[in-house]
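# Reading the structure
The chain contents come next:
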Amino acid sequence: MICKNCNSENTQKISLIYEKGTNNISTNSKTVGVGIGTGVVVGSVSTNTSGKSQSLLAEKVSPPKKNSYLLAFFIITIGLIFLVNINELDTKGSIFGLIAILLVGFAIKIIKVTYKYNSITFPKKYMEWTKSWHCNKCGYIYME
Ligand SMILES: [Zn+2]
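Keep in mind the model is a prediction, meaning the values are calculated, not measured. (Residues numbered from 1 in each chain as written. Predicted model: local features only at pLDDT ≥ 70, side-chain atom pairs only at ≥ 80, totals over all residues. Heavy atoms only, no water.)

## Structural notes on the coordination of the zinc ion
- For the zinc ion, the protein coordination sphere consists of C3 (SG), C6 (SG), C135 (SG) and C138 (SG), at 2.3 Å.
- Around the zinc ion sit four donor atoms; with metal-centred angles ranging over 106 to 113 degrees, the donor geometry is tetrahedral.
- Expressed as a motif, the donor residue spacing for the zinc ion is C-x2-C-x128-C-x2-C.
- What makes C135 buried here is its relative accessible area of 0%. (Donors = N, O, S within 2.8 Å, 3.2 Å for Na, K, Ca; no water. Tetrahedral: all angles 85-135°; square planar, octahedral: opposite > 155°, others 65-115°. Buried < 20%, exposed > 50% of the residue type's maximum accessible area, 1.4 Å probe, protein only.)

And the structure:
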C-alpha cells in the first residue's frame, strides 16, 4: 500500500504494528537483562529505546474497544438501593421513588446507547481498524 499522504511505500497494516509492538515489549525486557549481565550496556540501551518507541506507536494504533455496561449497572444498583429503602429513608415516600425511577431510566438510556455502540458502531470501527495502514515515513494513518 502506497501512502496516500506522501506516496511512500514504507507502510504497514496497523493491526500488524499493534501485534508486533505488544510482543516487542516483553522481548526487549529480556534483552536488557542479558545486556546488563554480560556488560554490553550500550547495546542494551539502544534496544530498549527502539522497543519503547515501538510500544508507543502500538499504543497509537491500538484497536477500538467496546464500551462497558459497568456505569449503567452501578446506577441501577443505586436506584435499587433507593427503592428497597423507600419506607425507611423517606417520610414523604414519593421523592425517593422518583429518584429511583429517574436513575433506572437514566441507566436504561446508557444501556441502549452502549448496546447501539457495541453492536453497530464498534464492529464498523473495528473493520476500519483491520483495513487501516500506517505510513512509517510520515505517520499518516489511512484506509485501504
Ligand atoms: Zn506517508
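## Regarding the confidence of the model for the chain
- Averaged over every residue, the pLDDT of the chain is 79; the share at 70 or more is 72%.
- Note that pLDDT drops below 50 for residues 25-49; the model gives that stretch ten contacts with residues more than four away or on any other chain. (pLDDT = per-residue confidence, 0-100. Contact = heavy atoms within 4.5 Å.)

## Focus: a nonpolar patch on the surface
- Taken together, the side chains of L80, L83 and V84 define a hydrophobic patch exposed on the protein surface, amounting to about 290 Å² of accessible area.
- Looking at the secondary structure, you find L80 in helix α3 (residues 70-84).
- Residue classification places L80 among the partly exposed positions, given a relative accessible area of 44%. (Patch = residues over 30% accessible without salt bridge, like charges linked within 9 Å, V, L, I, M, F, W, Y side chains within 5 Å. Areas by Shrake-Rupley, 256 points an atom, 1.4 Å probe, with all protein chains shown as cover. Salt bridge = Lys/Arg side-chain N within 4 Å of Asp/Glu carboxyl O. Helix = DSSP H or I, 4+ residues; strand = E, 2+ residues; numbered from the N terminus.)

## Considering the nonpolar core
- Grouped together as the largest cluster of nonpolar side chains are five residues: A72, I75, I76, A107 and I110.
- The set of elements that each furnish at least two residues to this core consists of α3 and α5 (94-130).
- Residue contacts for I76: discarding those within four places in its chain leaves A107 and I111. (Core = buried A, V, L, I, M, F, W, Y, C linked by side-chain atoms within 4.5 Å.)

## Here's the deal with α3
- Taking 1.5 Å as the rise per residue, α3 with 15 residues should run 21 Å; its terminal C-alpha atoms sit 21 Å apart, in good agreement.
- Turning to α3, its buried residues are A72, I75, I76 and G79. Looking straight down α3, one finds that the buried residues subtend no more than 100 degrees of arc, so they occupy a single side. What points out from α3, more than 90 degrees from its buried face, is the exposed set L70, F74 and V84.
- Buried positions along α3 lie against α5. (Expected span 1.5 Å × (residues − 1). Arc of directions from axis to C-beta.)

## Some words on the side chain of N118
- As for its position among the elements, N118 is in helix α5.
- The buried category is assigned to N118, whose relative accessible area is 12%.
- Of note is the side chain of N118, whose polar atom sits 2.8 Å from the backbone nitrogen of N67.
- Non-local contacts of N118, meaning those with residues more than four positions away in its chain, are made with K66, N67, Y69 and P123. (Polar contact = N/O pair within 3.5 Å; in protein donor to acceptor, adjacent residues only side chain to side chain.)

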